[in-house]
Amino acid sequence: MSQKPLKIAVLVSGSGSNLQVMIDAMKSGNLAIDIVGVISNREDAYAIIRAKDAGIPVSVLSHVPNGRRMGINTFEKYALQQIQDWSPDLVVLAGFMRVLSAQFINNMPCTMINLHPSLLPYYKGLDTHQRVLRSGDKYHGCSIHVVTPKLDAGQVLTQAWLAVDVLDTPKSLAKRVQTLEHRLVPYTLDMMIKKVIDIDTIRVGRMNGMIPLPLKFWMDNE
């Protein structure tokens, strides 16, 4: 009996490299996922092209009809309606760059996770690579966590980390962490598909006790 795929909706703002990782895994059959739709808050996001090329429905919620940029309340109204119409099992924020309201998050009909470029709980918010270098930290990485009304404060599900090189710049460190992200996203989804991470229990704020969280893996400097 074939496994029912995990239905995913993805929110994006930029190039969509992690969206492409998910698309490739879906198309190749390496992950039992079905990307049911993509929402972008920017009309110039390259992620839109990636989704359309893959035949995935796209909703662009960037501007209202008179040309003004869509406010967050309007965005959330239409985004929530679209997500409800698609009826996903999971919403993934992959490079989505708007802060969502507590009302939107609490009304989400399924679990929502976010990919953040730091080893949470350290360096919540923006400019994580610059802040790591300024602090002289030896290690850096990325985390996938449950979205809650408090910014970057939800249960951390998975993390991947690397050693900071003395020659790293914010740009080089961002590129190296992005490589980690491209491994962490399918890894995390695979853990959800296999029920190692149970999206139903994390939605209500508790885990099933099967594993200690977060799950972690290491990436060498090469």
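Please read all numbers here as calculations on a predicted model, not as lab measurements. (Residues numbered from 1 in each chain as written. Predicted model: local features only at pLDDT ≥ 70, side-chain atom pairs only at ≥ 80, totals over all residues. Heavy atoms only, no water.)

Colleague: Requested: an account of the pattern of salt bridges, with residues and values cited.
Modeller: According to the stated counting rule, one finds three salt bridges in the structure shown. Residue R42 pairs with D44 through a salt bridge whose shortest N-O separation is 3.0 Å. Here R176 and D168 are joined by a salt bridge, their closest N and O atoms 2.6 Å apart. Judged by relative accessible area, which is 13%, D168 ranks as buried. (Salt bridge = Lys/Arg side-chain N within 4 Å of Asp/Glu carboxyl O. Buried < 20%, exposed > 50% of the residue type's maximum accessible area, 1.4 Å probe, protein only.)

Colleague: Talk me through the UniProt feature "domain: Formyl transferase N-terminal" (unreviewed entry) in the chain; I want residue IDs and the actual numbers.
Modeller: Residues annotated by UniProt as "domain: Formyl transferase N-terminal" (unreviewed entry) correspond here to residues 7–187. For residues 7–187, helix accounts for 37% and strand for 24%, while the C-alpha atoms at its two ends are 16 Å apart. (UniProt positions renumbered as here; feature names shortened; annotations may be inferred. Helix = DSSP H or I, 4+ residues; strand = E, 2+ residues; numbered from the N terminus.)

Colleague: Hey, could you go over the UniProt feature "active site" (unreviewed entry) in the chain for me, with residue numbers and the actual values?
Modeller: The sites that UniProt annotates as "active site" (unreviewed entry) are H116. Looking at the element boundaries, H116 is found in strand β5 (residues 111–116). Note on H116: relative accessible area 4%, which makes it buried. Setting aside residues no more than four positions away along its own chain, H116 makes contact with Y123, K124, G125, T128, C142, S143, H145 and D152. Among the polar contacts listed, one links the side chain of H116 to the backbone oxygen of Y123, at a separation of 2.8 Å. (Contact = heavy atoms within 4.5 Å. Polar contact = N/O pair within 3.5 Å; in protein donor to acceptor, adjacent residues only side chain to side chain.)

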